[in-house]
Amino acid sequence: MQNISWPSDWMRATLSLCVLKALDGGATYGYAIASDLEEQGFGTVKGGTLYPLLTRFEAAGWVTASWQAGDGGPGRKYFSLTPAGQRELQDQRQLWARFSSTVGQFLDLQGRSTETPDRSTRGNP
Amino acid sequence: METRDSRNIPRPNRTDRAAKRWFDDFVLELRLQDVPGDVIGDAVASAREFLADSGGTPGEVFGPARAYAESLDLPRSPQTRTGIAALLVPTCLGLLGFSAVAAAVSSTDGSVQVTLPGLLIALTGLALAACAPLLLGFFVRGPMWRGAGSMMIIFTLQVLIGVLARDLVLFTLPALPTALTGGLILLSTSLWGQFRKGVTDDPIVEPMKTAPHPSFGMTVLEVLGNWMLFLAAAAMGAWFLLR
């Protein structure tokens, strides 16, 4: 999928929900989650962004983590959604659907000018 | 358990000096935050696992070690820093006890003169040891010159007071009670050091590994170090009494 550089504010706001969704398919580990999100077009998710989220999920009881020995490599920490995490994912998905619908409706409103005097003269002094 | 794994990803192994420095800073910061050893081991292993998959340097992937350690917001145990004070304060008290025994047994007139510079050095040492948990971050996190400069200022002040006060005697103590009190303090601090549960009881253990057992040599060294001042004071007392 084409990678677009999304505004960082949007990424910060939605990454938590997307990471929960990435965990919905079964136990998985840090780099697999980051790769999954990158493949889905979210851009590169660094470890410094991902692990604080996973730690927060663990503290909230939304995920459990267990270490498994690697195939000749270092061990892997696998994260799985708990029932509480699955409920949280469902709640957040529903809220997100309502929120994005609200934003979409607002942006589609007819008869509202989105241009400011500054913007209308940008590049044309 | 259903798992997804993509082991076809290249796993470069970067163990350069910068990476080692980053991990050292990361562990130090987590220690300063009072994070327990097994939780630190988990965080370090997670970072190594991610780096082995993604490549890049720790700084690129996780950002500055201190900021990353703070962002993890790991559970804390307040025992780590108080453990440092619990180690340093008895050590300073032990030195004080040793000084008392040494001054008492070497006295020729049956009394010990307590001078202003001597008392100041002892009190400063005790105050620094007691405040170590608060001062540790200041000394360790900043540049090396900051810690060295602060110690230099304290040392200069001590020397200045010593020079100005010369050998001003504040009070005189009888030698025998001073020696007995010093010996009792030494015995107490050595026993405390022997049986306390300290920072070394919370080693950094990586997941799927067991805590390292201290070797016989290390155990002997630890016991000797703990009782060294007491044994030296006893030997000194015996030598002065029997000569």
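Everything numeric in this text was worked out from a predicted model, so none of it was measured.

Undergrad: Mind showing me how you'd approach the overall build of chain B here?
TA: When you go through chain B residue by residue, the secondary structure sums to 10 helices and 2 strands. Moving toward the C terminus, one meets the helices and strands of chain B in the order α-α-α-α-α-β-α-α-α-β-α-α. Expressed as a percentage of the 243 residues in chain B, the buried residues total 33%. For chain B, the proportion of contacts with a sequence separation of at least 24, taken over those separated by at least 6, is 86%. When the accessible surface of chain B is split by element, carbon and sulfur atoms take 69% of a total near 14800 Å².

Undergrad: Is there a simple way to explain the sheet that holds strand β2 (residues 63-68) of chain A in this structure?
TA: Two modes of strand pairing occur in sheets, parallel and antiparallel, and in both the strands are linked by backbone hydrogen bonds. Residue and element names in this part refer to chain A. Strands sit in the order β1-β3-β2 across an open sheet of 3 strands; the sheet is antiparallel. This sheet does not close on itself; its edge strands, each paired only once, are β1 (28-29) and β2. Strand direction decides the pairing type here: β2 and strand β3 (residues 76-81), joined by 6 bridges, are antiparallel. The residue bridging Trp67 from the neighbouring strand is Lys77, located in β3.

Undergrad: Sorry if this is basic, but what is going on with the confidence of the model for chain B here?
TA: Detailed reading of the predicted coordinates is not advisable wherever pLDDT falls low. Counting all residues, the mean pLDDT for chain B is 81, and 88% of those residues have values of 70 or more. For this predicted complex, the interface confidence comes out at an ipTM of 0.84, alongside a pTM of 0.69.

Undergrad: Teacher, can you tell me more about the environment of Leu180 of chain B here?
TA: Residues and elements named next belong to chain B. Here Leu180 is to be found in helix α9 (residues 175-195). Note on Leu180: relative accessible area 58%, which makes it exposed. It is 8.9 Å that separates the C-alpha atoms of Leu180 and Ala100, two residues lying 80 residues apart in sequence.

Undergrad: Explain the packing of helix α1 (residues 8-22) of chain A against helix α3 (residues 47-60) of chain A to me, please; I cannot follow it from the model alone.
TA: A pair of packed helices is characterised by two quantities: the angle between their axes and the separation of those axes. Residue and element names in this part refer to chain A. The N-to-C vectors of α1 and α3 enclose an angle of 70°; their axes lie 11 Å apart at closest approach. For the element pair α1 / α3, the angle class is roughly perpendicular. Contact residues: Leu15, Ser16, Val19 and Leu20 in α1; Thr49, Leu50, Leu53, Leu54, Arg56 and Phe57 in α3. Taken together, the residues of the contact of α1 with α3 break down into 7 nonpolar, 2 polar and 1 charged.

Undergrad: Is there a simple way to explain the packing of α9 of chain B against helix α10 (residues 216-242) of chain B in this structure?
TA: Residue and element names in this part refer to chain B. Contact geometry for α9 and α10: axes closest at 9 Å, N-to-C directions at 170°. One finds that α9 runs roughly antiparallel with respect to α10. Along its contact with α9, which presents Gly183, Leu186, Leu187, Thr189, Ser190, Leu191, Gly193 and Gln194, the element α10 presents Val223, Asn226, Trp227, Leu229, Phe230 and Ala233.

Undergrad: Can you walk me through the nonpolar core in this structure?
TA: Within soluble globular proteins, side chains that are nonpolar tend to cluster in buried spots. Grouped together as the largest cluster of nonpolar side chains are 46 residues, with contacts concentrated most on Val19, Leu23, Leu54 and Phe57 of chain A together with Phe26 and Phe62 of chain B. Mapped by element, the contributors of at least two residues to this core are α1, α2 (30-42), α3 and β3 of chain A together with α1 (17-32), α2 (37-54), α3 (58-62) and α4 (65-72) of chain B. What Leu54 of chain A contacts, discounting residues up to four positions off in sequence, is Val19, Leu23, Ile33, Val63 and Phe79 of chain A. Within the second largest apolar cluster, 5 residues are counted, among which are Phe98, Val101, Leu186 and Ala233 of chain B.

Undergrad: What is the right way to read the packing of aromatic side chains from this model?
TA: Two numbers describe a pair of aromatic rings. These are the distance of the centres and the angle of the planes. Counting across every chain of the model gives 15 aromatic pairs over all chains. An angle of 40° between the planes, with centres 5.8 Å apart, marks the rings of Trp96 of chain A and Phe99 of chain A as tilted. Of the two residues, Trp96 of chain A and Phe99 of chain A are both situated in helix α4 (residues 83-108); the distance of 3 residues between them amounts to about one turn of the helix. Centroid distance Phe62 of chain B to Tyr68 of chain B: 4.8 Å. Interplanar angle 40°. Geometry classified as tilted. When its relative accessible area of 6% is taken as the criterion, Phe62 of chain B is described as buried. Classification of Tyr68 of chain B by relative accessible area gives buried; the value is 2%. Against the face of Tyr29 of chain A rests Arg76 of chain A, its NZ or CZ located 3.9 Å from the ring centre. Seen from the ring of Phe23 of chain B, Arg48 of chain B lies directly overhead, with NZ or CZ sitting 4.1 Å from the centre.

Undergrad: Any chance you could explain the pattern of salt bridges here in plain terms?
TA: Opposite charge on two side chains permits pairing when their charged atoms draw close. For the coordinates displayed, the defined rule picks out 10 salt bridges over all chains. The salt bridge partner of Lys77 of chain A is Glu58 of chain A, with a shortest N-O separation of 3.4 Å. One end of the pair, Lys77 of chain A, is in strand β3; the other, Glu58 of chain A, is in helix α3, with 19 residues separating them in the sequence. The exposure class of Lys77 of chain A is buried, given its relative accessible area of 7%. The partner of Glu49 of chain B in a salt bridge is Arg76 of chain A, with the nearest N and O atoms 3.5 Å apart. One end of the pair, Glu49 of chain B, is in helix α2; the other, Arg76 of chain A, is in strand β3, on a second chain. Linked through salt bridges whose partners overlap, the residues forming this network are Glu58 and Lys77 of chain A together with Asp42 of chain B.

So, how was this worked out
- Going along each chain's sequence as written, the residues are numbered from 1 onward.
- To read the labels, note that chains go from A and ligands from 1, taken in the order they are written.
- Only residues with pLDDT of at least 70 are given local features in this predicted model, and only at 80 or more are side-chain atom pairs given and counted; all residues enter the totals for whole chains, interfaces and linings.
- As a rule here, side-chain values come from all non-hydrogen atoms in the structure, and water together with hydrogens is ignored.
- For the purposes of this entry, the term helix denotes a DSSP run of H or I that reaches at least four residues, the term strand denotes a run of E that reaches at least two, and both are numbered from the N terminus.
- The buried label goes to any residue with under 20% of its type's maximum accessible area, the exposed label to any with over 50%, and the partly exposed label to all in between, with areas taken from a 1.4 Å probe on protein chains only.
- In this analysis, two residues are considered to be in contact whenever any of their non-hydrogen atoms come within 4.5 Å of each other.
- Under the convention used here, a 1.4 Å probe and the Shrake-Rupley method define accessible areas, while residue burial counts only the protein chains that appear.
- Two strands make a pair as long as DSSP finds a minimum of two bridges between them.
- What pLDDT reports is the predictor's confidence in each residue, on a scale of 0 through 100.
- In this analysis, axes come from line fits to C-alpha atoms, helices being fitted only over the stretch in contact, and the angle between any two N-to-C directions falls in the range 0 to 180 degrees.
- Any angle from 65 to 115 degrees is called roughly perpendicular, while one under 35 is roughly parallel, one over 145 is roughly antiparallel, and all others are oblique.
- Side-chain classes are defined by residue name, with Ala, Val, Leu, Ile, Met, Phe, Trp, Tyr, Cys and Pro counting as nonpolar, Asp, Glu, Lys and Arg as charged, and the others, Gly among them, as polar.
- Grouping buried Ala, Val, Leu, Ile, Met, Phe, Trp, Tyr and Cys residues that are joined through side-chain atoms within 4.5 Å yields what is termed a nonpolar core.
- A pair of Phe, Tyr and Trp rings is counted when the ring centres sit within 6.5 Å of each other, with Trp represented by its six-membered ring. The angle between the planes then sorts it: under 30 degrees is stacked, over 60 is edge-to-face, the rest tilted.
- In our convention, an over-ring charge means Lys NZ or Arg CZ found within 6 Å of a ring centre and within 35 degrees of that ring's normal.
- By definition, a salt bridge exists where a carboxyl oxygen of Asp or Glu is found within 4 Å of a side-chain nitrogen of Lys or Arg.

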